[in-house]
Structure formats: structure tokens, C-alpha cells
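Topology and contacts: notes
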Amino acid sequence: MTKNGEESPLHQSCEAPGKGDSVFNDSRVLRTSSVEAKSCTDHNEAFKHATKSSQGETIPYQPRPPSQPRLSKSSKSVSLEETARTRRLRNSQESLSDPVGSSTDSLKEDRTAPGGFALSDAANIRTDQDSNVRPRSAVTRGSPVFRDRGSSLSEYERRPPSQQSDPTDHWTRSTKVRLSPVQPTGTLPALEKSFASASLRAANRIDRDCLDYAVLAREKLGERLHRNLSDSRLLENMGSDSASVNSMRSTYSVLSPIRPQDVRNRSFLEGSVLGSGALLGAEELDRYFPDRRVGIYIATWNMQGEKGLPANLDDLLLPTDSEFAQDFYIIGVQEGCPDRREWETRLQETLGPYYVMLYAASHGVLYLTVFVRRDLIWFCSEVEHATVTTRIISQIKTKGAVGIAFTFFGTSFLFITSHFTSGDAKVYERVLDYNKIVEALALPKGLPDTNPYRSTPSDVTTRFDQVFWFGDFNFRLSKDRVDVEAIMSRTVDGDMGRLLEHDQLSKEMKDGSIFKGFQEAPIHFLPTYKFDIGCDIYDTTSKQRTPSYTDRILFRSRQAEDIKVVKYTSCSSIKTSDHRPVISVFQVKLRPGRDNIPLGAGQFDRGLYLEGIRRRITRELKRREAMKNQSSSTICTIS
């Protein structure tokens, strides 16, 4: 003890460290000299007399730390048995009624040594694992074990264990006032099971149809349920998010769980639309398409056989006015460029690694390409294609059609691109082209007909659920060019009704002679034929061809309202041909399928995929290099 009543640094060396003490947790024996041991004994005797009051009560002594922390060595090694006995005595003799543990002590400020941590903490930090037996918030009076140690307990150690943090954090904390925790005066309101919070929407989400499963479970039909959320107890205790359409399928991932018994027993020769675990069934369909609608992007373009391709195809496939990209991209080309592989590579480069080329077919200079999002290829069936030529000389393959068919989940699709006979007055020849195509296009070949009762052998378009037919149909406007240009000059807000009154295709469809059962979205764009290459001026050659809607996209469906048109317009920024491309976006209804459909096994053109990615990387590196060179160049000026 010093003259001013301050604690001697030697007092620290007399205290036996607790088990697990972060400061003295070392296997080495701590040694001190005999002088230090004698000084420590005298200090303890003086401390006993100093803590006796006139009434005989023991008053805890509050030490004042020295200016510098000093970690001294103990004179003897403390055995594990003595340490354990010390801790048991401390836990058994502590009392919550001691004045030392009053809540008013929590308002006292910590005394921090200049070294950055409290001296008393450095000597008495404990990491006892049995702190839940009794809180270390008080020191028992008269205990021979705590008589020396109790006075050096810091305010941090007097607090309950629930309010204590990591000791290392306590060393580095700055001085601050600690307030007692505020407890609620009453019971908290119960949380409703129905919520639409955006923060809670990301976890434990239940499908919107799970309420039906809960009803069935309460009727003791739980054994018949095969979904991951069919347990009635789980449904009753979990809140349902009515704003969510995705369900919590598995503990480990978003994938649907598969039972080993199902893998053992299922032959997959006959599938069930409602069967559990079916790859093309309702459960898998709802997980990927909650609204059961798929986005399809269709583009048709007569390239005029030009070798040079546009520098950028983003406007053709990824227009800026679209909020989202679609699931399928189908591109039909008439009079395509000589290098078909280069054209497909450019398409892959534009769509990027999100999409893979599912299939591509050609008939002379007619190209038809199908791209699909790469995570959807497992739900596509085998792909089939067929071609028809409408020329008398079959070796000249400039006019005709090419069709691609496949099944996606339980919905069958047919895509046809065609090029009909040209000429202003050859309407009858174009009708003949159509009739020959629908009769001669041999599809499907091995794919099952999803509804054979509604199929007609003489019409290929009746053998599929959803049919899209697009291309250069060559139907013209039956009006003089001067009159057509006068009508175009008076059009307001894209109202092309006056022009379409003279459209040959619209008239033949109303008469029922062509495209039976097909529909077309309203046209609000200018005629796409015929332009001078590289500009927006219609034909200035000697023929002075009348502007016409030769490039069209039509559709038909077995069920009414299954196809919803989102967009139907032309791409006016691509001017390398005398035709403007026409694009359309659809939302198409899907139905669950059976596992007996021959799947495509995830096949796609891997070589084209890698080449497209390589080109995208090369293009991006060149762009960055150009930007770097531009930013590093400077212009010197002389003032």
C-alpha cells in the first residue's frame, strides 16, 4: 500500500489468475523473488485492517490504478485443482443482495490506464464457462478467498454475464456511461401470420397455394401430400407471404427435394401431370414460371443477301425500350448472308452467355435459329425440323419454308419462317405457296402430339399448341405509290388503318383463303419495304416500288387467349438491307408435361457458345483500350 492509499503494483502479483484468464493463460511457471512475496503478505495484512469499519462490517476497498499497468509474475504456480476450488467457492458464495452489486454502480465510469485497458481488468479477466450458475455481480463479505480479490473487481465484472462482452473489446473501449436495460412494461403484440413485408419476403416464403395444403393437412390427409411444405405443423407455425410466388422448397437450396424412394420406384415411362417430382410436371413448372407464361422474342428480316452484317445487333435483339430480356429468341432470315455460321456467331455474341443456341436449321438462304436461356434447356424436348420448297425447280432454294418444332414442359411449339413469291399482282401464287407448306411440312416426326383429337393431317399448324409463322410474305399494298405516300403523310400517332385497308394479306385472311386460324397484332409502324440501302427513303430506282408491309409475324393457338402480344414493331436503325427487320414479343401460356416426352438432354451448340463469349471478351477489351487511349491523350495549348 502506498502512502496515498493507492494499490501497490505488487498487489497484482499476489492474485491467483482464474482458469482461462486471457492475460495469465500460459503453461509456464511464473516466478518472483522472495522480496515480492514478503511485500505481498504485508500488503494483505494492511488491507484486512483497512476494510474493517466501526460496526465490524467489511467494506470493499476500491483501489486506484497506478499511472502505468504492470503485469508482475506470481511467486508460485497455481495448480488446476486450486483454481477450480477457487471458482467453486466464488460461485457458491456470491450473493445478489450485496451492496456492491447495486444497479447504481453501472453508472460509474471505467478508469482506463494510459496503456489502453483497465488495470483491474488485466488482472482479473475471466472466461468461465459455468457463468450461468450465478452472476458475478457481487463479492461475499468475509470470505477468505474473495477478501483479497473482491476489492479489485471492476464495474465490468460486477455486471451480469449477459451484459458482458468479449474481454479484448473491453480493453480497447473508451470511457462511457452504461445504463441499465429498459424492460417492456407490458406484453408485446402478437405477430400476424399474414404479412407482405419486403424484408421478410426473402426468407421462409410459402407458395400462395400452400393454404390449400394446410387445409388438407388439418383434415388428416397429410400422408397423401408429397411436397416439402405438406407438414401441417410447419404450415401452422410459419407465416405466409401472400405477395410471394416462390416457395421454400428445400432446406439446402431452392431446388425441389427428391426422395430416394422416388428415384428407386419411378420408371419414367409414363409421367403424370400432377405427379410429385416430375421433371416437366406442375410443381417444376410453377417453380420456374409462377404465372405459367414464357416470354418469346421473334425477329424476321430479309437481309437481301448482303455479305456485310451490321456492326451491332443490339437494336435487333435487345432493344432499349424493353424492361426484361425474354426466355426464347427465334430469328428467321430470308435471303441470308452467304456465311450462315458467321451470322449465328454474331447472334450468340449479341445475346451473350445467358443464352445458348438450342437449334438451327436452313433451307438454302432461309435461316431459322432458336436461342433459349441456358437454365431452361433441361425442359426442352428433342428438336425436329423440316423444310419445303415452293419453287418448281427444287434446286433453287430461295423460296419456301423451314420449320422447327419442340415441346417445352407440356406445350408444343412450331416456328415457321418462309419466303413467298414476289410481285405486286401475284397474290394467287402466294396463296398456293402457303397451301403447299401447310400440307408438305412433315412435323412432328417423333414428338408426341399433345392433343391429337384437334389435329388435321392436311394442316401442320393444327398439330401444335402454339404456332408462330413469320417471314417475307411479299403481300403488297394495292394502291399507287403517290396515294400511299399521301396517306402516310397524314397518319397521326401510328394509326395505319388507312394504309391497311389496301393490304393484300389482311384481305386474304378475312376471306379465309390463307393463314386459317391465325392472328396478327395491330400494326403501328411504317411499311418495311422497300428502302434505299443505308437511308430511310423508299425506293428511288426506276421501278419506284410501292411501300408495303411484306414482313409479318402471325400466330395461332389451340386455346383462346393463350398468346398475349406485348410488342409488335419494326427495327428502323438497321439499314443494311432494303427491308427493315420486324420484331414481336409474346407471353405464351404453358402447361405441365409428362415425363414420357423425349427430352433433349440439355444439348446445345457448345462450340458456338464458346466462340460468342470469346468475341464478347475481345470486343470489351478493345473498347476499354480505346477509352484508355482517349483519356491518356492530351492537347497542348500555347497561351
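Everything numeric here is computed off the predicted structure, so don't read it as measured data.

A few words on the overall build of the chain. For the chain, the helix and strand inventory stands at 18 helices and 13 strands. A total of 639 residues make up the chain; the buried ones form 42% of that total. In the chain, once contacts between residues fewer than 6 apart in sequence are set aside, the share between residues at least 24 apart is 74%. Counting only carbon and sulfur atoms, one obtains 52% of the accessible surface of the chain, whose full area is about 34,900 Å².

Below, the discussion takes up the pattern of salt bridges. Within this structure, the stated rule accounts for 26 salt bridges. A salt bridge links Asp286 to Arg292; the nearest nitrogen and oxygen atoms lie 2.8 Å apart. Put simply, Arg481 and Glu485 hold a salt bridge, and the shortest N to O gap is 2.8 Å. Here Arg481 and its partner Glu485 are both found in helix α15 (residues 481-489), four residues apart, which amounts to about one turn of the helix. Through salt bridges with shared partners, a single ionic network connects Arg340, Arg341, Glu344 and Asp605.

Applying the stated rule across the entire model yields 29 aromatic pairs. With centroids separated by 5.0 Å and ring planes inclined at 85°, the aromatic side chains of Phe328 and Phe408 adopt a geometry described as edge-to-face. In this pair, Phe328 sits in strand β4 (residues 328-334) while Phe408 sits in strand β8 (residues 400-408), placing the two residues 80 residues apart along the sequence. Relative accessible area serves as the criterion here: at 2%, Phe328 is assigned to the buried category. Taken together through their ring pairs, the aromatic side chains of Tyr288, Phe289, Phe328, Phe379, Phe406, Phe408, Phe409, Phe413, Phe415, Phe468, Phe555 and Phe586 make up a single cluster. The ring centre of Phe475 lies 5.0 Å from the NZ or CZ of Arg430, which sits over that ring. Sitting over the ring of Phe531, Arg580 keeps its end group 4.0 Å from the ring centre.

On to helix α17 (residues 504-511). Within α17, burial applies to Gln504, Leu505, Ser506 and Glu508. Those residues of α17 hidden inside the fold are in contact with α14 (427-440), α16 (497-500) and β11 (551-557). Following α17 by one or two positions, Gly512 adopts a phi angle in the positive range, close to 80°.

Take the environment of Leu376 next. Tracing the sequence through the fold places Leu376 in the loop between β6 (366-373) and β7 (384-389). Along the backbone, Leu376 and Phe328 are 48 residues apart, and their C-alpha atoms lie at a distance of 9.5 Å. Beyond its immediate stretch of four places on either side in the chain, Leu376 contacts Tyr288, Phe289, Asp327 and Phe408.

Let's shift gears to the packing of helix α13 (residues 340-351) against helix α18 (residues 606-632). Direction vectors running N to C along α13 and α18 enclose 60°, while the axes themselves pass 8 Å from each other. Read as a crossing pair, α13 and α18 show a hand that is right-handed. The residues of α18 that touch α13, namely those facing Arg341, Glu342, Glu344, Thr345, Arg346, Gln348, Glu349, Thr350 and Leu351, are Gly607, Leu608, Tyr609, Glu611, Gly612, Arg615, Arg616 and Arg619. Taken together, the residues of the contact of α13 with α18 break down into three nonpolar, five polar and nine charged.

Next up on the list: the side chain of Ser418. With respect to the helices and strands, the residue Ser418 is situated in strand β9 (residues 411-419). Assessed through its relative accessible area of 0%, Ser418 is described here as buried. Side-chain polar atoms of Ser418 contact the side chain of Trp469, separated by 2.8 Å.

Take the pairing of β8 next. Burial analysis of β8 places nine of its nine residues in the buried class, which makes it a mostly covered element. Here β8 shows a buried face lined by Gly400, Val402, Ile404, Phe406 and Phe408 and a second buried face lined by Ala401, Gly403, Ala405 and Thr407. As judged from the six bridges shared by β7 and β8, these two strands associate in the antiparallel manner. In the strand pairing of β8, Glu384 is matched with Ala405. By the bridge criterion, nine bridges tie β8 to β9 in an arrangement that is antiparallel. When the sheet's bridge partners are listed, Gly403 is paired in β9 with Ile416. As consecutive antiparallel partners, β8 and β9 are separated by two residues, and within that stretch Phe409 has a phi angle of approximately 55°, a positive value.

With that out of the way, let us pick up the sheet that holds strand β13 (residues 582-589). The strand order β5-β6-β4-β3-β13-β12 describes an open sheet built from six strands, whose pairing is mixed. Because the sheet does not close on itself, it has two edges, and the strands there are β5 (355-363) and β12 (563-570). Put simply, the sheet's adjacent strands are angled 15° from each other on average, direction ignored. As paired elements, β12 and β13 share seven bridges and run antiparallel to each other. For Val565, the partnering residue across the bridge sits in β13 and is Phe586.

A word on unusual backbone geometry. Following Leu443, the chain continues into Pro444 via a peptide bond in cis, with omega recorded as -5°. Position of Pro444 relative to the elements: it lies in the loop between α14 and β10 (466-472). The step from Tyr529 to Lys530 runs through a cis peptide bond, and the omega angle for that step is 0°. On the secondary structure map, Lys530 appears in the loop between α17 and β11. The phi torsion at Phe515 lies on the positive side, around 50°, for a residue other than glycine. Looking at the secondary structure, you find Phe515 in the loop between α17 and β11.

Another aspect to go through is the nonpolar core. Among the nonpolar cores identified, the biggest contains 51 residues, and Ile296, Phe328, Phe406, Phe408, Phe413, Phe415 and Phe468 are the most heavily contacted of them. Sequence-distant contacts of Ile296, defined by excluding residues within four places in its chain, comprise Gln326, Phe328, Ile330, Phe413, Phe415, Phe468, Ser584, Val585, Phe586 and Val588.

It is worth spelling out the confidence of the model for the chain at this point. When pLDDT is averaged along the chain, the result is 74; 59% of the residues meet or exceed 70. When the criterion is pLDDT under 50, residues 1-40 qualifies, and its contacts beyond four places in sequence or with other chains add up to 66 contacts.

A few words on the sheet that holds β8. As summarised here, the arrangement of the five strands in space is β7-β8-β9-β10-β11, forming an open sheet in which the pairing is mixed. If you trace the sheet from one side to the other, it starts and ends with β7 and β11, each paired once. Ignoring strand direction, the axes of neighbouring strands in this sheet form an average angle of 15°.

Our next topic: the environment of Gly281. Here Gly281 shows up in the loop between α10 (260-265) and α11 (282-288). For Gly281 and Gly593, which are 312 residues apart along the polypeptide, the C-alpha to C-alpha distance reads 5.3 Å.

Scoring rules and cut-offs
Residues numbered from 1 in each chain as written. Predicted model: local features only at pLDDT ≥ 70, side-chain atom pairs only at ≥ 80, totals over all residues. Heavy atoms only, no water. Helix = DSSP H or I, 4+ residues; strand = E, 2+ residues; numbered from the N terminus. Buried < 20%, exposed > 50% of the residue type's maximum accessible area, 1.4 Å probe, protein only. Contact = heavy atoms within 4.5 Å. Areas by Shrake-Rupley, 256 points an atom, 1.4 Å probe, with all protein chains shown as cover. Salt bridge = Lys/Arg side-chain N within 4 Å of Asp/Glu carboxyl O. Phe/Tyr/Trp six-rings, centres within 6.5 Å; stacked < 30°, edge-to-face > 60°. Lys NZ or Arg CZ within 6 Å of the ring centre and 35° of its normal. Axes fitted to C-alpha atoms, helices over the stretch in contact; angles between N-to-C directions. Left-handed = near helix turned anticlockwise from the far one by under 90°. Nonpolar A, V, L, I, M, F, W, Y, C, P; charged D, E, K, R; others polar. Polar contact = N/O pair within 3.5 Å; in protein donor to acceptor, adjacent residues only side chain to side chain. Pairing = 2+ DSSP bridges. Core = buried A, V, L, I, M, F, W, Y, C linked by side-chain atoms within 4.5 Å. pLDDT = per-residue confidence, 0-100.

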